[in-house]
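So you can see what is in the structure, the chains are spelled out below.
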Amino acid sequence: MNCLSINIQGAGSRAKRAWVRSLTIKHKVNFLSIQETKQENIDLSTVRSFWRNSYFSHAFAPSRGVSGGILLIWDLDRFSKRREIISDNFVAIEGVWLTSAIRILVVSVYAPQPVEAKRQLWLHLQQMITSFDGECVLMGDFNVVRDESERLGSQFQSAPATNFNQFIDHCDLVDISMGGPHFTWSDKWGSKFSKLDRFLVTNSFFDYFPHLTGMVLEKHVPDHHPILLLEHNINFGPTPFRFFHSWFDMDGLDDVVRNSWAQILAGVLHDNPWIIFKKKLQNLKANIRIWNANNRNGLNLKRKELQDLLESIDAQLMIDDGSATLREQGITVQKDISDIDHRNQVDLAQKANVWWGIEGDENSSYFHSTINRKRHQLTIRGVFKDGVWIDDPNLVKDEFRAFYRSLFFQTKRNSASYCC
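Note that the structure is a prediction, hence the values are computed from the model and not measured.

What follows deals with the packing of helix α3 (residues 115-130) against helix α4 (residues 158-170). The description of two packed helices rests on the angle between their axes and on the distance between the axes. Taken N-terminus to C-terminus, the directions of α3 and α4 make an angle of 0°; their axes are 10 Å apart at the nearest point. The orientation of α3 with respect to α4, classified from their angle, is roughly parallel. Judged by residue contacts, V115, K118, R119, W122, L125, Q126, I129 and T130 of α3 engage P160, N163, F164, F167 and H170 from α4. In the contact of α3 with α4, the residues fall into seven nonpolar, four polar and two charged.

Further remarks concern α4. When the terminal C-alpha atoms of α4 are compared, their 18 Å separation across 13 residues agrees well with the 18 Å that a helix rising 1.5 Å per residue should span. Taken residue by residue, α4 has P160, A161, N163, F164, N165, F167 and I168 as its buried positions. Each element contacted by the buried residues of α4 is listed here: α3, β8 (135-141), β10 (173-175) and β14 (197-202). D172 sits one or two residues past α4 and shows a positive phi near 55°.

Here we take up the sheet that holds β14. Spatially, the six strands line up as an open sheet ordered β5-β6-β7-β8-β14-β10, and their pairing is mixed. Two strands bound the open sheet, and with one partner strand each, they are β5 (79-86) and β10. Neighbouring strand axes in the sheet, compared pairwise and without regard to direction, differ in orientation by 20° on average. Here strand β7 (residues 102-110) pairs with β8 via seven bridges, running parallel. Paired with V107 across the strands is L138, a residue of β8. Packing against the sheet, α4 makes contact with β8, β10 and β14, and its axis sits at approximately 30° to β14.

Quick look at the pattern of salt bridges now. Per the counting criterion, the structure on display carries 12 salt bridges. Here D88 makes a salt bridge to R64, at a shortest N to O gap of 2.5 Å. Taken together, the residues span a long stretch of sequence, with D88 in the loop between β5 and β6 (90-97) and R64 in the loop between β3 (56-61) and β4 (70-75) at a distance of 24 residues. Look at R64 and you get exposed, because its relative accessible area is 62%. Residue E84 pairs with K81 through a salt bridge whose shortest N-O separation is 2.9 Å. Residue class for E84 comes out partly exposed when judged on its relative accessible area of 35%. According to the relative accessible area criterion, K81 is partly exposed, its value standing at 33%.

In this section: a nonpolar patch on the surface. Side chains of F400, F403, Y404, L407 and F408 sit close together on the surface and give an oily, nonpolar patch of about 510 Å² of accessible area. Its place among the elements puts F408 in helix α10 (residues 393-414). Using a relative accessible area of 61% as the deciding quantity, one classes F408 as exposed.

For the rest of this paragraph, the subject is the packing of aromatic side chains. This structure, assessed with the given rule, holds 13 aromatic pairs. Both rings, one in F164 and one in F167, keep their centres 6.2 Å apart while their planes meet at 25°; by these two values the pair is stacked. Taken as a pair, F164 and F167 lie in helix α4 at a separation of three residues, close to a single helical turn. Comparing F164 with F167, the two get one shared label, buried. A ring pair is formed by F403 and Y404, whose centres lie 5.1 Å apart and whose planes are at 85°; its orientation type is edge-to-face. Residue class for F403 comes out partly exposed when judged on its relative accessible area of 45%. By relative accessible area, Y404 is classed as partly exposed at 42%. Across the ring face of W261, the terminal group of K280 is positioned such that the distance to the ring centre comes to 5.6 Å.

Rules and cut-offs
- Residues numbered from 1 in each chain as written.
- Predicted model: local features only at pLDDT ≥ 70, side-chain atom pairs only at ≥ 80, totals over all residues.
- Heavy atoms only, no water.
- Axes fitted to C-alpha atoms, helices over the stretch in contact; angles between N-to-C directions.
- Helix = DSSP H or I, 4+ residues; strand = E, 2+ residues; numbered from the N terminus.
- Parallel < 35°, antiparallel > 145°, perpendicular 65-115°, else oblique.
- Contact = heavy atoms within 4.5 Å.
- Nonpolar A, V, L, I, M, F, W, Y, C, P; charged D, E, K, R; others polar.
- Expected span 1.5 Å × (residues − 1).
- Buried < 20%, exposed > 50% of the residue type's maximum accessible area, 1.4 Å probe, protein only.
- Pairing = 2+ DSSP bridges.
- Salt bridge = Lys/Arg side-chain N within 4 Å of Asp/Glu carboxyl O.
- Patch = residues over 30% accessible without salt bridge, like charges linked within 9 Å, V, L, I, M, F, W, Y side chains within 5 Å.
- Areas by Shrake-Rupley, 256 points an atom, 1.4 Å probe, with all protein chains shown as cover.
- Phe/Tyr/Trp six-rings, centres within 6.5 Å; stacked < 30°, edge-to-face > 60°.
- Lys NZ or Arg CZ within 6 Å of the ring centre and 35° of its normal.

The following block contains the structure:
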């Protein structure tokens, strides 16, 4: 799913429309959100001039005089609309994402300036989002910052920020982190900067779109930068090795470590102890992964056998009420199943990096959503170099390598030297 959002500050300019259309073509946009069209009416030819082909549909909220106006355009090949909701400050469409058949609510937002009007808008959107049975994505100009770091050159107001943050928390939304410039708006004198434009998605949105990248693009004529939500899978190679606490409770770990460390390394013709140490760690990591995979397969098979046994015990108890021995056996089997599930929950909690006690909430869906959210927040999708977005894994690695090489080189040159 690729989404583009921009406060265009007037849709009458042919040059602006051509610029936006070039962005929709370049990034293969599925949803285009345009705020502040400043038009009370908009004809089909004007809408078409924004889009990359002729197979689209749109929803429009008219401006009030020369203020406001929202246009939302979408790709009919990817999204089928069921209904739309039009307001002065947002355009919402409910429908189905055709490639995965999930229900999605897409909202294009242009928030008002007054604090109370914004608060009422958040309440309206909150009611709409919490009552929707599906995934939600909000985009646009929210006309508010979340904290002091999102404003420069003007006074930060805590009340609207608090209202906005409470709205995000109550709706369980995730603010998509974006690469590129930190601020999305600046005045024409370049003295004031704010982050007003953003993407908000529901927490489980990443279950269906795990490879989302947010970017702040270079601006053209308007005061606002366009923002892009792009689905792009980047493979940087093997994932780092992680040691799980639950392994200490599994049989055989000590033997794997002991035997791996005592193993003679074939093909290592080097007497450097650090190279030998590195090779031993690599060998140990490979052996632990094999051992863990075998244990996991065994646990999964054991759980299935226990589940089948428990179902047969329950069936026997329903027929003749069973014996005391049979009841005790059922309790034992349930405990064994619970122990296996507990071990899986502990691993999920460690992946999610959250505290979870034995008496806590054993909700694997919560852990999975937390893992996906953290994975998205920490994943490096690319880098900007000289105003150009780079997402090729090899080029990204080269940029990181060059950056840290320069840091170490500077440290070496600036280090103090002493003569005795």
